[in-house]
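Chain residues, written in single-letter form:
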Amino acid sequence: MGRFFDLVNDPVHALSEYSSAMPVTAAQTDSTSAALVKLNANESPYGPSPGAVAAMRAALDSSNWYPDDHSITLRQHLAKAHGVTPQQVLIANGTTSLLGVIARTLLGPGRNAITSACSFISYPVVTRAAGATLVETPPLQGGYDLDAIAAAIEPDTRLVFLANPNNPTGTLVDAAALERFLDQMPAQVIVVLDEAYYDYAHYFAAQRGIEYSRSLSYPRDERNVVVLRTFSKAHGLAGIRVGYGIGPAELMAYFERVQDTFAVSSIAQAAALAAAEDKAHIRFAVENNATQSHSLAAEISKLGYPVIPTWTNFVCIDVGQDAREVARKLRGERVLIRPLGAWGAPTSVRVTVGTAEQNQIFLHALQKISS
Ligand SMILES: *Cc1c(COP(=O)(O)O)cnc(C)c1O
């Protein structure tokens, strides 16, 4: 125990040391032969929109000024695009950060949040940091068991976190199932509908003839739902840190009070605005992701490993052995993936869908370490 143990707040003691995906420098992922193939953090292999890069370059010259604290231009743009009012939109420096703001606003000692086991790693972190308890219901066929969550609601429950599609399993809750669930929610509960993979899932759903999401109709009807979207995935801006929430105007105003002043940099605001307008770039990313995910899953199955059908830009594979060992061996082949022991799935791994070339390198490495 260190010198400062007694000085920090109790909620901090409740936090375990979480390490995000292994950091690598840009130099390690460039296209040289010794480069690492980074398939461990669900980033887009297709880069940012060229328009976003140009917008960021242009914004650099005004870096001496603080950013617009209300991200007015971006907010108005997104509000219009989503058919809601600007007051229903809150821009944040990444949705992970917004999850923290939501937890600090609504949770505290004596209150709880509910989610599924084997879901997004930030839900326990933000809940415990706010001094509250996280209740995790067991997964059902790798995904959310909405009936179990509804049954776990207590008078002190304030939040339900629902990643749709789910990370790290890639599973989906369709629009009708979600609606049945929302109809059961009591008035003191806010459902956080985390649609970080919206663009990918939307594309798959159209292909597969399934209704994915009516999420934006909920804030329009002032229901107790906050929809989260990010520019980190299909838009290819994970390094810039920008995302947003859409929900009831009154609630979003409370979140804005809690959020840091000047949280979203002017570079991030400029990038997001341009990226949101570059529909062709998003289409390119989701189309290629769909094609690549099909061939990747088929090849993995051929090697004898079960793959959960994905709605996202990653696949969840049961490797039937210690996943940490598999990750270590793949690292030896210069491929980075995510073992899921910390999610309670010690024989599963999550692999981001890369480009055709990256996926070939991964498959070759997987075959090599399997034989
Ligand atoms: C990647 C991801 C996010 C996005 O996080 P940012 O902080 O916006 O980069 C949010 N939720 C889930 C489930 C994710 O997988």
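In the block above lies the structure referred to throughout.
Computed from a prediction, not measured in an experiment: that's the story for all the values here. (Residues numbered from 1 in each chain as written. Predicted model: local features only at pLDDT ≥ 70, side-chain atom pairs only at ≥ 80, totals over all residues. Heavy atoms only, no water.)

1. A closer look at the overall build of the protein chain
Helix and strand counts for the protein chain come out as 14 helices and 13 strands. For the protein chain, whose C-alpha radius of gyration is 20 Å, the value lies close to the compact-globule estimate of 21 Å for 371 residues. Projected onto the principal axes, the alpha-carbon positions of the protein chain cover approximately 55 × 55 × 50 Å. The 371 residues of the protein chain split such that 50% are buried. A fraction of 74% describes how many contacts in the protein chain between residues 6 or more apart in sequence connect residues 24 or more apart. Taking the 29 positively charged and 34 negatively charged side chains of the protein chain as two groups, their mean positions are separated by 4 Å. (Helix = DSSP H or I, 4+ residues; strand = E, 2+ residues; numbered from the N terminus. Rg over C-alpha atoms; globule rule 2.2 N^0.38 Å. Buried < 20%, exposed > 50% of the residue type's maximum accessible area, 1.4 Å probe, protein only. Contact = heavy atoms within 4.5 Å. Lys, Arg positive; Asp, Glu negative; His and termini not counted. Charge placed at Lys NZ, Arg CZ, Asp CG, Glu CD.)

2. Some points on helix H7 (residues 175-183)
What sets the pattern is the α-helix's 3.6 residues per turn: residues three or four places apart point alike. Three or more residues of H7 are buried, namely Ala175, Leu178, Phe181 and Leu182. Seen from one end, H7 has its buried residues packed into an arc of 125 degrees, which puts them on one side. Every exposed residue of H7 that faces more than 90 degrees away from the buried side is listed here: Arg180 and Asp183. Check the buried side of H7 and you find it contacts helix H6 (146-152), strand S5 (157-163), strand S6 (190-194), helix H9 (217-220) and strand S7 (225-230). (Arc of directions from axis to C-beta.)

3. Here's the deal with the sheet that holds strand S13 (residues 348-352)
Judged by pairing direction, the sheet is antiparallel, and its four strands sit side by side in the order S9-S10-S13-S12 without closing on themselves. Looking at which strands have only one partner, the edges of the open sheet turn out to be strand S9 (307-308) and strand S12 (338-339). As paired strands, S12 and S13 are joined by two bridges and run antiparallel to one another. Each residue of the ladder has a partner; that of Arg338, found in S13, is Arg350. (Pairing = 2+ DSSP bridges.)

4. Notes on the packing of helix H4 (residues 95-106) against helix H10 (residues 249-258)
Orientation of H4 relative to H10, taken along the N-to-C sense of each, is 100 degrees, at an axis distance of 9 Å. As far as their axial angle goes, H10 and H4 are roughly perpendicular. Residues Val101, Ile102, Arg104, Thr105 and Leu106 of H4 touch H10, and the partners they reach there are Leu251, Tyr254, Phe255 and Val258. Grouping the constituent residues of the contact of H4 with H10 by class yields seven nonpolar, one polar and one charged. (Axes fitted to C-alpha atoms, helices over the stretch in contact; angles between N-to-C directions. Parallel < 35°, antiparallel > 145°, perpendicular 65-115°, else oblique. Nonpolar A, V, L, I, M, F, W, Y, C, P; charged D, E, K, R; others polar.)

5. Section: the packing of aromatic side chains
Counting across every chain of the model gives seven aromatic pairs. With 4.3 Å between their ring centres and 10 degrees between their planes, Tyr66 and Phe262 make a pair best called stacked. One end of the pair, Tyr66, is in the loop between helix H2 (50-60) and helix H3 (72-82); the other, Phe262, is in the loop between H10 and helix H11 (266-277), and 196 residues separate them in sequence. Judged by its relative accessible area of 35%, Phe262 falls in the partly exposed class. For the pair Tyr123 and Phe161, a centre-to-centre distance of 4.7 Å together with 5 degrees between the ring planes defines the contact as stacked. (Phe/Tyr/Trp six-rings, centres within 6.5 Å; stacked < 30°, edge-to-face > 60°.)

6. Side note on the side chain of Thr115
Structurally, Thr115 is set in strand S3 (residues 112-116). A relative accessible area of 1% means that Thr115 is categorised as buried. Once residues within four sequence positions are removed from consideration, Thr115 is found in contact with Tyr123, Leu134, Val135, Glu136, Thr137, Tyr144, Ile149 and Phe161.

7. Here's the deal with the pairing of strand S10 (residues 314-318)
Taken across its five residues, S10 has four buried, putting it largely inside the fold. Sheet topology note: the S9/S10 ladder contains two bridges and is antiparallel. By the bridge assignment for S10, Ile308 is matched with Cys316. Counting the residues between successive antiparallel strands, the hairpin from S9 to S10 contains five residues. As paired strands, S10 and S13 are joined by five bridges and run antiparallel to one another. Paired with Val315 across the two strands is Val351, which belongs to S13.

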